[in-house]
Amino acid sequence: MSSKRITAAMLAGGFLLPLLFAIPAGALTDQEALEKKVRGITDQLRCPTCQGISVNDSEAAFSRQIRDKVKRMVREGQSEDQIKAYFESRYGEWILRAPKKEGLGLVLWVLPGLLMLLAGGWIVYTVRRNARVNGKDAASEAEQPLSKAELERIKRDVRLFEEEL
Amino acid sequence: MWKSWKFWLVMSGVVTVVGVLAYGFTVNPKFVKSPLLNGPAPNFTITRLGGGETLTLSELKGTPVLLNFWASWCLACRDEAHVLQAAHKLYEEGQGRLRVLGIAIQDTPEKSMAFARAFGKTYFLALDNVAGDISLSYGLYGVPETFFIDAQGIIRFKHVGAVTPQLVRNNLATLLAPNDEGKQ
């Protein structure tokens, strides 16, 4: 075999070899992407037979069936919203772990933030009011002339201090 | 104290919490509101346990259906087995005015058959597939669950837990009423 042929074979191998590895790597990525999407959806669905855990975290038979169903629906090309809507149409809004951002659900989303804002505002208001009142008290005290008794006491203390020296 | 806004704020919080708890205690956990109520029953095709006969729900339009989900491993299903069989004997075999269907879920054909034999079930029994397609389409939480479907194929009532003769009689009275429009 001539050196040119060897060089050509090596070049072709150099191009083709990475492709051989690239195909399974790509397939794995698709599978991982599918699993990630399924996990993302099943994390938002409540296990029908458990206490407060998601379909994703449960090994109950219903949860396994829901996971498989979600996987099939994703493979069929259905969107996350379509899949969630399907389960909501069968189980009601209960199946969704997070309340919907509409109607009464919107109140549940907004209320904690609103309460935190109100609490924060109240704290700021109280701190400022107390600082203002304390500042006013200190200023008004500073403006007051000393009484006779206070002057006498200061003089006495100064005298004692000088004597000790 | 009565004029303090802080007092009324705390009181309103306490009243709200007590109210929510009180409401929770008054609700029957066996009555689960289903979004399927007053809507069309999801269609399915099932094959009879131990035989090749198939049945499609939509083909039963014109006849009310008592659809029960059960399993051989379910203890409460034993309690209601004779009630369902009695409904089948009285309303289906006796009067031909009702279809009683039983779909076993998360079960095997052998165990389902053994259960059916042990409790003398003679109505149409089938097994949901491994994927649980029928169970999920009916939004099941467990077994037993029973759906009362009117002659127009609309789900009118759903019961979670073992059915009693009184419950079956009351709901069928509405479904089987003469000139029934199937509405409760």
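Here's what I pulled together on the structure shown here.

## A closer look at the interface of chain B and chain A
1) Next: Between chain B and chain A, the residue contacts involve 20 residues of the former and 16 residues of the latter.
2) Next: Taken together, both faces of the contact between chain B and chain A bury some 1,400 Å²; the carbon and sulfur share is 55%.
3) Next: Ranking the residues of chain B by area buried against chain A places Gln106, Leu136 and Tyr141 of chain B at the top, with a combined share of 47%.
4) Next: Put simply, chain B and chain A have 2 salt bridges between them.
5) Next: Note that Lys69 of chain A is salt-bridged to Asp133 of chain B, the shortest N-O span being 3.9 Å.
6) Next: Linking chain B to chain A there are 6 residue pairs in polar contact (both at pLDDT 80 or more).
7) Next: Here the side of chain B that touches chain A gets 4 residues from one element, more than from any other, and that element is helix 4 (residues 133-137) of chain B.

## Some points on the pairing of strand 7 (residues 155-160) of chain B
Residues and elements named next belong to chain B.
1) Next: Counting buried positions along strand 7 gives 6 out of 6 residues, so the element sits mostly inside the fold.
2) Next: In terms of strand pairing, strand 6 (residues 145-149) meets strand 7 through 5 bridges, oriented antiparallel. Of the residues in strand 7, the one forming a bridge with Thr146 is His159.
3) Next: Taking the residues between adjacent antiparallel strands as the criterion, strand 6 and strand 7 are bridged by 5 residues, where Gly153 takes a positive phi near 85°.

## Structural notes on the pairing of strand 5 (residues 124-127) of chain B
All names here are of chain B.
1) Next: The pairing of strand 4 (residues 99-104) with strand 5 spans 4 bridges and is classified as parallel. The residue of strand 5 that forms the bridge with Ala104 is Leu127.
2) Next: Once you follow strand 4 into helix 3 (residues 109-118) and on to strand 5, the crossover reads as right-handed.

## Side note on the state of the cysteines
1) Next: All chains considered together, the criterion is met by 2 disulfides over all chains.
2) Next: Two residues, Cys47 of chain A and Cys50 of chain A, share a disulfide whose sulfurs are 2.0 Å apart. In this structure, the disulfide formed by Cys47 of chain A and Cys50 of chain A twists by about 60° around the S-S bond and is classed as right-handed.
3) Next: Note on Cys47 of chain A: relative accessible area 0%, which makes it buried.
4) Next: Here Cys74 of chain B pairs with Cys77 of chain B through a disulfide, and the sulfurs are 2.2 Å apart. With the S-S bond torsion at 90°, the cross-link from Cys74 of chain B to Cys77 of chain B turns out right-handed. Residues Cys74 of chain B and Cys77 of chain B agree in their burial class; the two are buried.

## Notes on a nonpolar patch on the surface
Residues and elements named next belong to chain A.
1) Next: Nonpolar side chains collect at one region of the surface, where Leu104, Leu106, Val107, Trp109, Val110, Leu111, Leu114, Leu115 and Leu118 lie side by side and expose about 870 Å² of accessible area between them.
2) Next: Among the structural elements, Leu111 can be located in helix 4 (residues 104-143).
3) Next: Using a relative accessible area of 41% as the deciding quantity, one classes Leu111 as partly exposed.

## Observations regarding the side chain of His88 of chain B
Residues and elements named next belong to chain B.
1) Next: Inspection of the secondary structure assignment puts His88 in helix 2 (residues 75-94).
2) Next: A residue is classified by how much of its surface remains accessible, and His88, at 5% relative accessible area, is buried.
3) Next: The residues contacting His88, other than those within four sequence positions of it, are Glu93, Val100, Thr122 and Tyr123.

## What about unusual backbone geometry?
If a residue is not glycine, its phi is most likely negative; likewise, a peptide bond is most likely trans.
All names here are of chain B.
1) Next: Geometrically, the link from Val143 to Pro144 is a cis peptide bond, its omega value of -5° lying close to zero.
2) Next: Relative to the helices and strands, Pro144 resides in the loop between helix 4 and strand 6.
3) Next: Not every positive phi belongs to a glycine, and Asn38 is a case in point at roughly 65°.
4) Next: Structurally, Asn38 is set in the loop between helix 1 (5-26) and strand 1 (45-47).
5) Next: A positive phi angle, near 45°, is found at Gln106, a position not held by glycine.

## Considerations on helix 1 of chain B
1) Next: The terminal C-alpha atoms of helix 1 of chain B lie 31 Å apart, and with 22 residues this matches the ideal 32 Å at 1.5 Å per residue to within 8%.
2) Next: The N-terminus of helix 1 of chain B is capped by Ser4 of chain B, whose side-chain oxygen sits 3.2 Å from the backbone nitrogen of Lys6 of chain B.

## Thoughts on the sheet that holds strand 7 of chain B
Residues and elements named next belong to chain B.
1) Next: Spatially, the 5 strands line up as an open sheet ordered 5-4-3-6-7, and their pairing is mixed. Pairing within the sheet leaves two strands with one partner each, and these edge strands are strand 5 and strand 7. When strand polarity is set aside, the average angle formed by the axes of neighbouring strands in this sheet is 20°.
2) Next: Packing against the sheet, helix 5 (residues 165-175) makes contact with strand 3 (65-70), strand 6 and strand 7, and its axis sits at approximately 20° to strand 6.

What counts and how
- Residues numbered from 1 in each chain as written.
- Chains lettered and ligands numbered in written order.
- Predicted model: local features only at pLDDT ≥ 70, side-chain atom pairs only at ≥ 80, totals over all residues.
- Heavy atoms only, no water.
- Contact = heavy atoms within 4.5 Å.
- Buried area = accessible area lost by both parts, 1.4 Å probe.
- Salt bridge = Lys/Arg side-chain N within 4 Å of Asp/Glu carboxyl O.
- Polar contact = N/O pair within 3.5 Å; in protein donor to acceptor, adjacent residues only side chain to side chain.
- Helix = DSSP H or I, 4+ residues; strand = E, 2+ residues; numbered from the N terminus.
- Buried < 20%, exposed > 50% of the residue type's maximum accessible area, 1.4 Å probe, protein only.
- Pairing = 2+ DSSP bridges.
- Right-handed = clockwise from strand over helix to strand, strands pointing away.
- Disulfide = S-S within 2.5 Å.
- Patch = residues over 30% accessible without salt bridge, like charges linked within 9 Å, V, L, I, M, F, W, Y side chains within 5 Å.
- Areas by Shrake-Rupley, 256 points an atom, 1.4 Å probe, with all protein chains shown as cover.
- Expected span 1.5 Å × (residues − 1).
- Axes fitted to C-alpha atoms, helices over the stretch in contact; angles between N-to-C directions.

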